[in-house]
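Structural description and commentary
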Amino acid sequence: MPVNWKKLSLLGLILALLIVLPLVMDLGSNVMNVMVTLFIYIILSQSWNLIGGYTGQVNLGIVAFFGVSTMVTHFLWKAGVPIYLAITAGSLSSVVLAAVIGLPTLRLRGMYFAVGTLALAQAAQTIVGNIFTRTISMPGSFSKDYSLTPRYYLGLTLVVIAMLVVYAVARSKAGLAMVAIRDDEQAAQVTGVKVFKYKVIALLISAVLAGLAGGLYAYVRLSFWQISIVFSPAWTFDALMAVVIGGGGTLFGPVIGSIFLVVLSEIFANTLGQAHLIVFGFIFILVVLLLPQGLVGGADVVRPWVVRTRRSGQQATEA
Amino acid sequence: MNAVIQTVLIGIAVGALYGLVALGFGLIMGVMKFVNIAHGSFIIVGGYIAYWLFTLLGIDPYLSIPAVMLVMFAMGLILYRLLFSPLLKYPRAEMRLDKSLLITFGVTWILDNTVTLLWTPDTRSVVTSYTGSTIDILGAKLGLTGLAGLILAVLVAVALHVILTRTYFGKHVRAATEDSGAASLSGVNVQGTYLMSCGIAAALAGVAGVVIVSSYSIAPSGGLDWLLTGMVVIVLAGEGNIAFILPAGLVLGLVQSISTLFVSPAYQQPIALIIFILVLMFKPKGLFASRG
């Protein structure tokens, strides 16, 4: 595949801008907060993208991986482990959980995988909520010198890592197998794709990414009034929405979906309040019905149409 | 001994409600092979309608059931017309299932947030003059509302069974369930059957909502838990076995309530979910499936 220099330089430019911008000017804590939230969303939705977008397994329990990593990172960090190591350990714990959850549930097909993962995530939330009933927070010294800047850069680094992972997986043999499973599981099996193996691989890598997002969240948020909120199904649903709206099974779909969700909710949360979530619901349904490839695919739907009208315009002027 | 009878009674009352919750979900899944994630939210909406009728107009929740069913029936028809019927164009059943999952997920999102907007996130319940009263059965106490829920669940399940096995419409439904293509070829109006099933399923959700709001309480976020319970029951009953849904609900209710004799009631939900996973792994065709 020839390197697309135009695309690559554009990406480099955006990345450079994201690196340099907070250094040269003070963006204010509001913007920084939105950016960090956006990073968490992008990583989490890339995680969902691998299992849901590329492999076609609707995982409604991804929050379990996210939440476990948040908790592990939080407690390790509190115990004095450096944050980088704590996040790594958090991700590993997600992978272990994914292996435990994945081996039984991935044998289930279609809706049962979705329901099984949702059930396990709900069970995890109830169990964690029953065990940890008090507020959990980092010691006061952590919040005293709290700064968003290191969180921003760590988040940005993790986003880049997540993007590279998805890119590498999608271009590998495993990526091909995943797409084959998504498009027609039976056909894939018949042609010799080891369906179960590649589903497990997809789930484990997706758990790593969800774990990274969870670790980042533990780093950003120091105290949890109720730890069970990190197991709230809303995380899964946001990631799912970001992927579907942006475009599942593409590298940039989840990014666009996340930007769409985070930025729009920033804009509308103040003016519309709760109603903005209803609007998201309608947008989501419209995208599922009308743009199966998401907003990214929507560009492909619109492009030929634009080109055609331009051409016919030219013909009209020539004539 | 008394505690055991009491536990069993509670288990039966709760289990009947579980069956009621699962009936509508199972109907859509059995007939159309669609997953309606929004079923739990439908239940919640039904409950809130009853709540409104009670607080605004003073109508007894059990008397409001026909009205709630009617509204929910209309909602089911709208759901089918707007969102489900476009999915029939997809040729493969798996694809339809995935799409229906995503779309009804969006519906859940819309309904839950609308409900929160209208009634705030607080839990609500209908408190009538007879809410706290109980009757004695074998020395154990059963709440009147629990008994009413039990009777309603049995009535609804029997009515649905009679409709499915004794009427012409039921024959069409069963034909469409078995093989929609063949049914269509032999003159069954498959689309119409789907439409009606969808309406009936939503109406059943409404009944469940009324029972829940009058014997327990509802909150906008509660739909997901009821949905999961319904799904567990469906799995226990075996996909497409609508007649076994109520018994499966009773089994789940009994297991859960008996488990409270041994572990904290806070773990009821995880227990149900673990049963769910175990049944899926070892008896994927349901508890009542014959061997082979």
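Of the regular secondary structure elements, chain A holds 14 helices and two strands. Its C-alpha atoms give chain A a radius of gyration of 21 Å, near enough to 20 Å, the size a compact globule of 319 residues would have. Contacts in chain A between residues at least 24 apart in sequence constitute 79% of all its contacts with a sequence separation of at least 6.

Now for the overall build of chain B. Secondary structure assignment for chain B yields eleven helices and two strands. Mapped from its N terminus to its C terminus, chain B presents α and β elements in the order α-α-α-α-β-β-α-α-α-α-α-α-α. Rg of the C-alpha trace for chain B: 19 Å, near the compact-globule value of 19 Å for 292 residues, within the 12% margin. When the backbone C-alpha atoms are referred to their principal axes, chain B occupies close to 60 × 50 × 35 Å. Within chain B, the fraction of its 292 residues that count as buried is 51%. Contacts spanning at least 24 positions in sequence make up 79% of the contacts within chain B whose residues lie at least 6 apart.

Residues and elements named next belong to chain B. For Lys 33, which is not glycine, the phi torsion reads 60° and is therefore positive. Mapped onto the elements, Lys 33 comes out in the loop between α1 (2-32) and α2 (39-57). Lys 33 gets classed as partly exposed once you count the C-beta atoms within 10 Å, which come to 18. The phi torsion at Thr 120 lies on the positive side, around 60°, for a residue other than glycine. Residue placement: Thr 120 occurs in the loop between α4 (93-119) and β1 (134-137). For Thr 120, a count of 12 C-beta atoms within 10 Å corresponds to the exposed category.

As a further point, take the interface of chain A and chain B. Facing the 31 residues of chain A at the interface are 30 residues of chain B. Contributions of two or more residues to the side of chain A that touches chain B are made by α5 (111-131), α11 (233-246) and α13 (275-290) of chain A. A per-element tally of the side of chain A that touches chain B places α5(A) first, with 13 residues. When the residues that make up the side of chain A that touches chain B are grouped by side-chain class, the tally is 23 nonpolar, seven polar and one charged.

Right, let's talk about the packing of helix α9 (residues 223-237) of chain B against helix α10 (residues 245-259) of chain B for a bit. All names here are of chain B. Contact geometry of α9 with α10 gives a least axis separation of 8 Å together with a crossing angle of 115°. On the basis of their axis angle, the class for α9 and α10 is roughly perpendicular. Between α9 and α10 lies a crossing whose hand is right-handed. Residue-level inspection shows Val 232, Val 233, Ile 234, Leu 236 and Ala 237 of α9 in contact with α10, the latter providing Ile 245, Ala 248, Gly 249, Val 251 and Leu 252. Class assignment of the residues belonging to the contact of α9 with α10 gives a composition of nine nonpolar, one polar and no charged.

Glancing now at the nonpolar core. One broad trend across soluble globular proteins is that nonpolar side chains are buried collectively. Membership of the largest hydrophobic core comes to 193 residues, with the highest contact counts inside it found for A:Ile43, A:Leu216 and B:Val232. Here the element with the most residues in this core is α1(B); it accounts for 18 residues. Excluding residues within four positions of it along the chain, B:Val232 makes contact with B:Leu252, B:Ala272, B:Leu273, B:Ile275 and B:Phe276.

Right, let's get into the environment of B:Gly222. All names here are of chain B. Here Gly 222 is to be found in the loop between α8 (190-215) and α9. Using a count of 20 C-beta atoms within 10 Å as the deciding quantity, one classes Gly 222 as buried. Linking Gly 222 and Pro 61, residues 161 residues apart in sequence, is a C-alpha distance of 19 Å.

A few words on the environment of A:Gly298. As for its position among the elements, A:Gly298 is in helix α14 (residues 294-318). Separated by 53 residues in the primary sequence, A:Gly298 and A:Ile245 have C-alpha atoms spaced 10.0 Å apart.

The next point concerns the confidence of the model for chain B. Confidence in the prediction for chain B averages 85 pLDDT; 98% of positions are at 70 or higher. With pTM at 0.86, the complex prediction returns an ipTM value of 0.84.

Residue and element names in this part refer to chain B. Of the pairings in the sheet, the one linking β1 to strand β2 (residues 140-143) comprises four bridges and is antiparallel in character. Bridge pairing in β2 places Asp 136 opposite Lys 141. In this structure, the hairpin formed by β1 and β2 is closed by a connection of two residues, where Leu 138 is found at a positive phi of approximately 50°.

This paragraph deals with α11(A). Residues and elements named next belong to chain A. A rise of 1.5 Å per residue sets the reference length of α11, with its 14 residues, at 20 Å; its end C-alpha atoms lie 20 Å apart and thus fit the reference within 8%. The element α11 is largely enclosed, with a buried count of twelve among its 14 residues. A positive phi of about 135° marks Gly 247, the residue just after α11.

Before going further, it helps to spend a moment on the packing of helix α3 (residues 62-78) of chain A against helix α10 (residues 195-220) of chain A. Residues and elements named next belong to chain A. Relative to each other, α3 and α10 sit at 45°, their axes nearing to 7 Å. As far as their axial angle goes, α10 and α3 are oblique. The handedness of the crossing between α3 and α10 comes out as right-handed. Of the residues in α10, those in contact with Ile 62, Phe 65, Phe 66, Gly 67, Val 68, Ser 69, Thr 70, Thr 73, His 74 and Trp 77 of α3 are Ala 207, Ala 210, Gly 211, Ala 213, Gly 214, Gly 215, Tyr 217, Ala 218 and Tyr 219. Broken down by class, the residue content of the contact of α3 with α10 amounts to eleven nonpolar, eight polar and no charged.

A separate point is α8(B). With 26 residues, α8(B) extends 37 Å between its outermost C-alpha atoms, agreeing within 8% with the 38 Å of an ideal straight helix rising 1.5 Å per residue. The element α8(B) is extensively covered by neighbouring structure, given that 21 of its 26 residues are classed as buried.

All names here are of chain B. Structurally, the position occupied by Ile 49 is in helix α2. On the neighbour-count criterion, Ile 49 (23 C-beta atoms within 10 Å) is buried. If we ignore the near neighbours within four places in the chain, the residues touching Ile 49 are Val 68 and Val 71.

Conventions we followed
- Residues numbered from 1 in each chain as written.
- Chains lettered and ligands numbered in written order.
- Predicted model: local features only at pLDDT ≥ 70, side-chain atom pairs only at ≥ 80, totals over all residues.
- Helix = DSSP H or I, 4+ residues; strand = E, 2+ residues; numbered from the N terminus.
- Rg over C-alpha atoms; globule rule 2.2 N^0.38 Å.
- Contact = placed C-beta atoms within 7 Å.
- Buried ≥ 20, exposed ≤ 12 C-beta atoms within 10 Å, placed from the backbone.
- Nonpolar A, V, L, I, M, F, W, Y, C, P; charged D, E, K, R; others polar.
- Axes fitted to C-alpha atoms, helices over the stretch in contact; angles between N-to-C directions.
- Parallel < 35°, antiparallel > 145°, perpendicular 65-115°, else oblique.
- Left-handed = near helix turned anticlockwise from the far one by under 90°.
- Core = buried A, V, L, I, M, F, W, Y, C linked by C-beta atoms within 7 Å.
- pLDDT = per-residue confidence, 0-100.
- Pairing = 2+ DSSP bridges.
- Expected span 1.5 Å × (residues − 1).

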